[in-house]
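Chain by chain, the residues:
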Amino acid sequence: MGIKTIEWSKGAIKLIDQTKLPGTLKYIYIKNIVLLRQAIRMMKTRGAPALGAAAGLGVYLGIKDSKAKNFRQFKEELDKVIKYLAAARPTARNLFWGLERARKVVLKNKGKPIRDLKKIILTEAKEIIEEDMSACRRIGHYGAKLIKKNDTILTICNAGILATIDYGTALGVIYRCKEEGKSNKVYACETRPMLQGARLTTWELSRNGIDVTLICDNMAATLMKQGKIDRVIAGADRIASNGDTANKIGTYNLAVLCNFHKIPFYIAAPVSTFDLKIKSGEEITIEERGSPEMTSLFFKKPIALNNVKVFHPAFDVTPHDLISAIITEKGVIRHNYKKNIRRIIGK
Ligand code: MRU
């Protein structure tokens, strides 16, 4: 721990440039929304909860120098900023949730002077950050109850410190287990093609004293067959009201494998990742990314013909019936998801 993925500092959004990891822990200061949107698209910052924070801070960045003379003008500028940032990436619910929070807090304070509205937006963004820090720790608290001493856990992508503010969801559970002295081992799927597992998860787990082993994505079945995996925990980008969950491509594969091998498969996510307006995963927009991410090894070494046809969905949807439980800051949700999601996280 001891690092913050994203925060407001010296009149800018300060964030860890995750494309430089694991080689260098480099912070960048972003001072306009064009650079912020680029940073999100290029995954300098990424992970659903971190995108929620980027959204909140991003709205402030986009509006803080507004010269609007009245509320109508200010609201027009605000809507433009929100629309611009919303186009950064389509799948993670938290991005839209963060933008929506900024819009709502402005509408709620409509009668106030514009300079106050600006401050209110920044305060709201800082609250998103504080809330994430505490939500992840609650997720860790509830999740750790599902994990036994010496269990070996498999995870995919990065749902840790680097995907949140400073603790993580899926990895937050593992950090909490360590705090409780449970000494668990972790296998991290490398997570082709952007290698969040290899570059980010192994980096942060090792740094925090967790016994982690890197595997290629296609090794998971073999490990399960050999009895080496006790549980799988993944994060989430968007959870529908029936529990269907979008997360990094390859998560669905793991859920199917868990079902076959009778291994519990958990999703860990804050309430801000739920999208109760949608009935099922079929309504989730899945981001498709460009071919260079697949035809080269992290934009450097070519590993396929550069003109080969490429299909590159960045996320998949795991149907709710393959999910053993969803761990949230409000508690652990189990089947029947449709009923229990409403009951535990409310409307
Ligand atoms: O494309 P990414 O790296 O933003 O994808 C991130 C994931 O899929 C994470 O598992 C998810 O956002 C949850 S992060 C706590």
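This one's a predicted model, so the numbers in the text were calculated from it and none came from an experiment.

## Comments concerning the sheet that holds strand β10 (residues 265-268)
Inference 1: Across the sheet, seven strands lie side by side as β6-β5-β4-β7-β10-β15-β16; this open sheet has mixed pairing. Only two strands of the sheet have a single neighbouring strand rather than two, namely β6 (211-215) and β16 (331-333). Shown here is a sheet whose adjacent strand axes are inclined to one another by a mean of 25 degrees, direction ignored.
Inference 2: The pairing of strand β5 (residues 185-189) with β6 spans five bridges and is parallel. Residue pairing across strands places A188 opposite L214, the latter belonging to β6.
Inference 3: Strand contacts of helix α11 (residues 337-345): β15 (325-328) and β16, with the helix running at about 165 degrees to β16, the strand carrying the most contacts.

## Some words on the site of the ligand
Inference 1: Near the ligand lie 18 residues; those nearest to it are R46, R89, Q196, N247 and K248.
Inference 2: Interatomic distance of 2.8 Å between a side-chain N/O atom of Q196 and an oxygen atom of the ligand.
Inference 3: Contact between the ligand and N247: an oxygen atom at 2.6 Å from a side-chain N or O atom of the residue.
Inference 4: When isolated, the ligand has an accessible area of 420 Å², and the protein chains bury 99% of it.
Inference 5: Elements supplying a minimum of two residues to the shell around the ligand: α2 (48-63) and β9 (245-248).
Inference 6: Grouping the amino acids of the shell around the ligand by side-chain chemistry returns eight nonpolar, six polar and four charged.

## Things to note about the packing of α2 against helix α3 (residues 71-86)
Inference 1: For the pair α2 and α3, interaxial distance at closest approach is 9 Å and the crossing angle is 135 degrees. Classified by the angle between their axes, α2 and α3 sit oblique to one another. Handedness of the α2/α3 crossing: right-handed. From α2, A55, G58, V59, G62 and I63 reach across to α3, where they touch F74, E77, L78, V81, I82 and L85.
Inference 2: A per-class count over the contact of α2 with α3 returns eight nonpolar, two polar and one charged.

## Describing the state of the cysteines
Inference 1: Scanning all chains against the criterion turns up zero disulfides.
Inference 2: Summary of cysteine pairing: C157 is not part of a disulfide, and the nearest cysteine sulfur, belonging to C189, is at 10 Å.
Inference 3: Relative accessible area serves as the criterion here: at 8%, C157 is assigned to the buried category.
Inference 4: C136 provides the cysteine sulfur closest to C177, a residue in no disulfide bond, and the two sulfurs are 15 Å apart.

## Focus on the confidence of the model for the protein
Inference 1: Mean pLDDT over the protein stands at 97; residues scoring 70 or higher make up 100%.
Inference 2: Mean pLDDT in the protein bottoms out at strand β12 (residues 296-297), which sits at 92, and peaks at β10, which reaches 99.

About the criteria used
Residues numbered from 1 in each chain as written. Predicted model: local features only at pLDDT ≥ 70, side-chain atom pairs only at ≥ 80, totals over all residues. Heavy atoms only, no water. Pairing = 2+ DSSP bridges. Helix = DSSP H or I, 4+ residues; strand = E, 2+ residues; numbered from the N terminus. Axes fitted to C-alpha atoms, helices over the stretch in contact; angles between N-to-C directions. Contact = heavy atoms within 4.5 Å. Near = heavy atom within 4 Å. Polar contact = N/O pair within 3.5 Å; in protein donor to acceptor, adjacent residues only side chain to side chain. Areas by Shrake-Rupley, 256 points an atom, 1.4 Å probe, with all protein chains shown as cover. Nonpolar A, V, L, I, M, F, W, Y, C, P; charged D, E, K, R; others polar. Parallel < 35°, antiparallel > 145°, perpendicular 65-115°, else oblique. Left-handed = near helix turned anticlockwise from the far one by under 90°. Disulfide = S-S within 2.5 Å. Buried < 20%, exposed > 50% of the residue type's maximum accessible area, 1.4 Å probe, protein only. pLDDT = per-residue confidence, 0-100.

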